[in-house]
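# Topology and contacts: notes
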Amino acid sequence: MRLIRNGLPGCAMGLVCLGLVSLGLGANDGFDRYRKQVPHTLRLFPLPASPEAGYLMLERDMEGGADGDIRHRWAQPHAVALVQCCARAVARDLGPGPHPMVIMDASSENGDTPVELGATPRGRHPGGSHDGGLNLDLGYYLTSLKGQVHTPDFAACTNHYRLQDGKLRDTYQCLESADRLDVPRTTRFFVELAAFNRDLFNGDLLEQVGVDFQVRKAVLAQAQAWARERRYGVDTVLVGDLERILTSDEADGWARTHHHHLHLRLRDFPLHGAHRKALDHLMATARQEEGLLRKVTQAGPALVVALHSVDLQRSLEVELQPSHLEVQDLQFRVDEGPWRKAQPGDPRNRAVLDLAAPFKATAKVEAQGTLKGKPLSLSCVIELPEQSPRLGIAIEAAHLKAEVQEEGGALAFDLKVPRTYQAWVTEYALVLHRPGQKPERCVLPPEGRLKLPKEGLVKVELEALCSSRRAIRVPVWLDGRI
C-alpha cells in the first residue's frame, strides 16, 4: 500500500489525512483464508532424518530477507510429505550437494501468514500469501553461499545489487545469470514435483511455484536437455508442465524477492475427495523413505515423532520404525503421563498422544514393549516451538464497528471493536469517499474518537490495518440519499 499526503481540510487537530492510492484485501490478521468448516491439520516441518534427506533447516532469519523460524514452519502433512519425497529424490540421484535446499517459512500454527510478534506486529510476508499450510518457502540448491555483500547469501545469483548513492542496494532479483544455482539438483527437485503432480494427481496438486526469472530460465533449459536424453523420466509434456507451473510473473508479484527461495503453492482441494488414494500413497512414500534413511543411520528400531496442531490443539504422532516390526504390548507415553497402547488394527506401530497446554519447550516421548522376547525401551526429546496467545485471535469484519452520531454539519465516530484486536491491528483509520475524488484516509487517534465535517461525504469506511501490511475495510456510514 502506498499513501500520498493530500492535506484534507476539516480533519481534527493533529490528524493527518492521506489520499488513498490502492489497497488490497486479505491480511496478516490471525485468520486462515483457506479454512472452511473444519480447521486444517498442520504439521511442524521435521528435521531431516539424515544428510541423505536432501534438505536442511534455515536455523534463523538471515541477512537479505531469507526468513526461517521454527514458529512459522507449519504445513499440511501432505505438503511436508511432498517436499520430503522430492528432496529425497534429489539426494538419491545426485547426492545431497554442497548446499542443499533449506526449509524457510511456511505458515503460522493458526494457519495464517507468519507475523513477527513484536510490540508492533509486522507481517513477514504479504497478507494471505502463506496461509493454510499450503505455501512454503524453500531455498534453492546452491553451489556457493559466498555473497557480494554478506555471507551466507542464499540467493541463486551473485549480482542482485545496484549501486545507489555510493552503496550497493539489494534489488531482490537476479540482475544476471543464476551463477550460484545448483542447476541439476534444483531441476531434479522441480522434475519430481511435476511428476507427482501429473502421475498421482492429474495436475491438481500444484497451483504455482514462484521463482526468480533467471532460475526459471536455467531450470527450463536443463529440463529441455534432459527431455532430449530421456533422463529422469523427463519428456516434452513434463517440460510443458514446468513451463506452466514455474512463474516469475511481475503482475502477480512473483518477479521480486524470489532470488533466494522458491515459493511452493499447493492447490486447496478436499483431502477426503477424489485424490484420497493419491494422498495416502504420497504420505506412505514419505514414511517409507524416512524409514529407509533412519535404518541406514541408526542401529535397531527408532522412534519417529511428528508434531501436529489442529485449531492450536497439539498432539504427537509417535511411531516405531521400521514399521514391520512385530512388537508385543507396545505402548507410548509423553512427559511421564499415562501409557497409551499402539492403535489397534493399524499396520503401523503408532499412537497419537495429546499434549496439554501450556506447552513446555520440549516433550519427552517414550515407548516400551517386547521385541523377539526381549524388553524394548526407547525414548527421545523433541523441541516444541512457542505458541503465542495471539494466535487464537482472528480479525473478523463483522466485529469491526463504529458508532456514528450526526451533530449538525458534522459526523462523530466512536470506534467499537474487541480490545483483543490490538494483537494484530496496528492502525485504525476512516476512509472518506466524495464524488469524483480519490478516497481519503484519516488515522484514528488512540482513543478511537473523531469528528469530521459531513459536507460532500457519500460513504465512510472503517479500516483496520493488520500487522502493518494489509487492511480490512467495512462501511460504517452512508449518505441517507443514496
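The structure this text deals with has already been given above.
Everything numeric here is computed off the predicted structure, so don't read it as measured data.

### Remarks on the packing of aromatic side chains
In the structure shown here, the tally under the stated rule is 5 aromatic pairs. With a centroid separation of 6.4 Å and an interplanar angle of 50°, the aromatic rings of tyrosine 141 and phenylalanine 189 are classed as tilted. With tyrosine 141 in the loop between β9 (135-138) and β10 (161-164) and phenylalanine 189 in helix α2 (residues 183-199), this residue pair connects regions lying 48 residues apart in the sequence. Here the two residues tyrosine 141 and phenylalanine 189 agree in accessibility, since each one is buried. Through pairs of rings, three or more aromatic residues link up here, namely Tyr141, Phe189 and Phe190.

### As for a nonpolar patch on the surface
Side chains of Val149, Leu163 and Leu168 sit close together on the surface and give an oily, nonpolar patch of about 290 Å² of accessible area. If you trace the backbone, leucine 163 turns up in strand β10.

### A look at the environment of glycine 132
Take glycine 132: it is sitting in the loop between β8 (122-123) and β9. Using a relative accessible area of 0% as the deciding quantity, one classes glycine 132 as buried. When the C-alpha positions of glycine 132 and aspartate 32 are compared, they lie 5.7 Å apart, and in sequence the two are 100 residues distant. In contact with glycine 132, other than residues within four places in its own chain, are Asp32, Tyr34, His40, Leu42, Gln76, Ser107 and Gly111.

### Looking at the pairing of strand β12 (residues 206-210)
Pairing analysis gives 4 bridges linking β12 to strand β14 (residues 262-266), with the strands arranged antiparallel. Note on β14: the bridge partner recorded for valine 209 is leucine 264. Inspection of the sheet shows β12 paired to strand β13 (residues 246-247) by 2 bridges, in the parallel sense. Directly across from glycine 210, in β13, lies its bridge partner threonine 247.

### Some details on unusual backbone geometry
Residue threonine 151 is joined to proline 152 through a cis peptide bond whose omega torsion reads 5°. Note that proline 152 resides in the loop between β9 and β10. Residue proline 358 is bonded to the preceding alanine 357 through a cis peptide linkage, with omega at 0°. A positive phi angle, near 55°, is found at lysine 372, a position not held by glycine. As for its position among the elements, lysine 372 is in the loop between β20 (362-371) and β21 (374-383).

### A short note on the pattern of salt bridges
Tallied over the full model, the rule gives 39 salt bridges. The residue glutamate 289 makes a salt bridge to arginine 92 at a minimum N-O spacing of 3.4 Å. Residue glutamate 289 is found in helix α5 (residues 276-297), and its partner arginine 92 is found in helix α1 (residues 77-94); the two are separated by 197 residues along the sequence. Classification of glutamate 289 as buried rests on a relative accessible area of 18%. Here aspartate 414 makes a salt bridge to arginine 449, at a shortest N to O gap of 3.6 Å. Remark: arginine 449 occurs in strand β26 (residues 449-453) and aspartate 414 occurs in strand β23 (residues 410-416); sequence separation between them is 35 residues. Put simply, Asp61, Asp69, Arg71, Asp105, Glu116, Arg122, Arg124 and Glu386 are held in one network by salt bridges that share partners.

### Notes on the side chain of arginine 294
Within the fold, arginine 294 resides in helix α5. Ignoring any residue separated from it by four or fewer positions in sequence, one finds arginine 294 in contact with Ala49, Val304 and Gln321.

### A word on α5
The periodicity of an α-helix, 3.6 residues per turn, causes residues three or four places apart in sequence to face the same way. The first and last C-alpha atoms of α5 sit 32 Å apart over 22 residues, in line with the 32 Å expected at 1.5 Å per residue. The elements touched by buried residues of α5 are α1, α2, β15 (302-310) and β16 (313-321).

### Focus: the sheet that holds strand β18 (residues 340-341)
Spatially, the 4 strands line up as an open sheet ordered β18-β17-β20-β21, and their pairing is antiparallel. Only two strands of the sheet have a single partner each, and these edge strands are β18 and β21. With 6 bridges connecting them, strand β17 (residues 327-334) and β20 associate as antiparallel partners. Directly across from valine 334, in β20, lies its bridge partner valine 365.

### Some details on the sheet that holds strand β19 (residues 350-354)
Taken in spatial order, the 5 strands of this open sheet run β5-β3-β15-β16-β19, and their pairing is antiparallel. Every other strand in the sheet has two partners, leaving β5 (74-75) and β19 as the edge strands with one partner each. The pairing of strand β3 (residues 41-44) with β5 spans 2 bridges and is antiparallel. Counted as the bridge partner of leucine 44 is tryptophan 74 from β5.

### Some remarks on the packing of α1 against α5
Close contact between α1 and α5 brings their axes to 9 Å; oriented N to C, the two are set at 50°. With respect to α5, the axis of α1 lies oblique. Along this stretch, α1 crosses α5, giving a crossing that reads as left-handed. Counted together, Pro77, His78, Ala81, Leu82, Gln84, Cys85, Arg88 and Arg92 of α1 and Leu279, Leu282, Met283, Thr285, Ala286, Glu289 and Leu293 of α5 form the full contact between these two elements. In the contact of α1 with α5, the residues fall into 9 nonpolar, 3 polar and 3 charged.

About the criteria used
Residues numbered from 1 in each chain as written. Predicted model: local features only at pLDDT ≥ 70, side-chain atom pairs only at ≥ 80, totals over all residues. Heavy atoms only, no water. Phe/Tyr/Trp six-rings, centres within 6.5 Å; stacked < 30°, edge-to-face > 60°. Helix = DSSP H or I, 4+ residues; strand = E, 2+ residues; numbered from the N terminus. Buried < 20%, exposed > 50% of the residue type's maximum accessible area, 1.4 Å probe, protein only. Patch = residues over 30% accessible without salt bridge, like charges linked within 9 Å, V, L, I, M, F, W, Y side chains within 5 Å. Areas by Shrake-Rupley, 256 points an atom, 1.4 Å probe, with all protein chains shown as cover. Salt bridge = Lys/Arg side-chain N within 4 Å of Asp/Glu carboxyl O. Contact = heavy atoms within 4.5 Å. Pairing = 2+ DSSP bridges. Expected span 1.5 Å × (residues − 1). Axes fitted to C-alpha atoms, helices over the stretch in contact; angles between N-to-C directions. Parallel < 35°, antiparallel > 145°, perpendicular 65-115°, else oblique. Left-handed = near helix turned anticlockwise from the far one by under 90°. Nonpolar A, V, L, I, M, F, W, Y, C, P; charged D, E, K, R; others polar.

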